Amino acid sequence: MGKMMRAARLHKIGEPFQVDTIPVPEVRPTDVLVEVKAAGVVPNLRNVVTSYPKWFPFLPLPALPAIYGLDAAGVVSQVGSQVRSGIKEGDRVYINPGLSCGGCIACRRGDHVNCTAYTFQGYFGFGEGSQKLFEDYPYGGFGQFLTAPVANLVKLPDSISFEQGARFGYLGTSYSALKKAQFCPGQTVLIDGATGTLGLGAVILALAMGAAKIFGTGRNKVLLEKLRALDPSRIVPISLGEKPTAEVVMAATEGYGVDVLIETLGPNAPVSNVIDSFNALRRGGKAINIGGVADPIPLEPFPLMCLQKSYIGSLWFTTAEGQDMADMAASGTLNLGVFEHERFKLDQVNEALDAVEQRTGGFTNVVIMH
Ligand SMILES: [Zn+2]
């Protein structure tokens, strides 16, 4: 019998995770075997593993029992026989869990996030082809080892801890949103839900990318003040439920508005907040939605055309964007020191899920340590 490892697996929707002993996977030619050191427990995981299919009926889950764990960071312990360069044993890496088929039209164009079978390893998929990708890569961050395509690795410098690396998924989502908005140094950005997990990521990335001014909305005044303290000259907190956000932004920008809106509010957020923030965008501004407000948004095409405003959906990020973030953090422009890590052992995975519910906004980073 080969080497064995421990992995927290879900055996039935709605039941707790169970730690099982299973074989360490064999590495295939173009894959790597990674010894996981830290795995992020993402805020949405409980919804997925308790309420499926109510919550995301159109998003397929891996066949059970399944190893979850979306965001993993660790050390390469073995490379496949056809891994030629760039990655070697001992490299510290973040594993981008976004899997694509390689053969569909989007994949052949190099547009992997738009693969018709796009799948989050250790989480859920987006298409009919996802189940096959789950079978190819059935290992997530809640296992001691996982296999991944070599093309999905982000190399982490020594200055990035594994705990910080385990935050790269939500950070990358925010970074890709700013890139899709063509956000430039010297511009202004409004981040709706700025104290949350996606929002805080967007704030520190906008700081790193040279934002002139960052307006950030939130409800918790203590967290808003903590956010402002990250860079008091550039961050303007906006307390939701007082003045309309658009009014605050327009007053602060001489009636011009912000260049970019990053909308991070979650599925249950009121549509009125989205509209209010959208009204804070300047002519030609771009709004990027990464939070997934569930209700329909009444957008009027005619004024949208006249003002050349865009409302764009954005999912996840590319491995190249992940590497950008690692390089920005290595150079000191991106400050990953804002996170407060709450570390749990693998046996405590169910407690970690509870801890995510109790988190103090985006500053808390709940991780499983192997
Ligand atoms: Zn594809």
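Up top is the structure.
Residues numbered from 1 in each chain as written. Predicted model: local features only at pLDDT ≥ 70, side-chain atom pairs only at ≥ 80, totals over all residues. Heavy atoms only, no water.

Examining the packing of aromatic side chains
Okay, step 1: In total, this model carries 14 aromatic pairs according to the counting rule given.
Okay, step 2: Taken together, a centroid distance of 5.6 Å and an interplanar angle of 65 degrees make the contact between Phe120 and Phe124 edge-to-face.
Okay, step 3: With a centroid separation of 5.0 Å and an interplanar angle of 35 degrees, the aromatic rings of Trp316 and Phe317 are classed as tilted.
Okay, step 4: When its relative accessible area of 4% is taken as the criterion, Trp316 is described as buried.
Okay, step 5: Residue classification places Phe317 among the buried residues on the basis of a relative accessible area of 1%.
Okay, step 6: Site record: aromatic cluster; members linked through ring pairs are Tyr94, Tyr118, Phe120, Tyr123, Phe124, Phe126, Phe168, Trp316 and Phe317.
Okay, step 7: Against the face of Phe363 rests Lys226, its NZ or CZ located 4.5 Å from the ring centre.
Okay, step 8: A cation sits over an aromatic face here: Lys309 above Phe278, 4.5 Å from the ring centre. (Phe/Tyr/Trp six-rings, centres within 6.5 Å; stacked < 30°, edge-to-face > 60°. Buried < 20%, exposed > 50% of the residue type's maximum accessible area, 1.4 Å probe, protein only. Lys NZ or Arg CZ within 6 Å of the ring centre and 35° of its normal.)

Points about the nonpolar core
Okay, step 1: Within the largest apolar cluster, 110 residues are counted, with the highest numbers of intra-cluster contacts made by Phe17, Leu45, Tyr68, Phe142, Phe168 and Ile262.
Okay, step 2: With nine residues, helix H6 (residues 197-208) is the single largest residue contributor to this core.
Okay, step 3: The two domains that each donate at least three residues to this core are domain 1 (4-167 + 339-369) and domain 2 (173-313).
Okay, step 4: Excluding residues within four positions of it along the chain, Phe17 makes contact with Ala8, Arg9, Leu10, Leu45, Val49, Tyr68, Phe142, Val349, Asn350 and Leu353.
Okay, step 5: If you look at the next biggest cluster of nonpolar residues, it comprises 11 residues, including Phe215, Ile238, Ala246 and Leu261. (Core = buried A, V, L, I, M, F, W, Y, C linked by side-chain atoms within 4.5 Å. Helix = DSSP H or I, 4+ residues; strand = E, 2+ residues; numbered from the N terminus. Domains from an automatic or database assignment. Contact = heavy atoms within 4.5 Å.)

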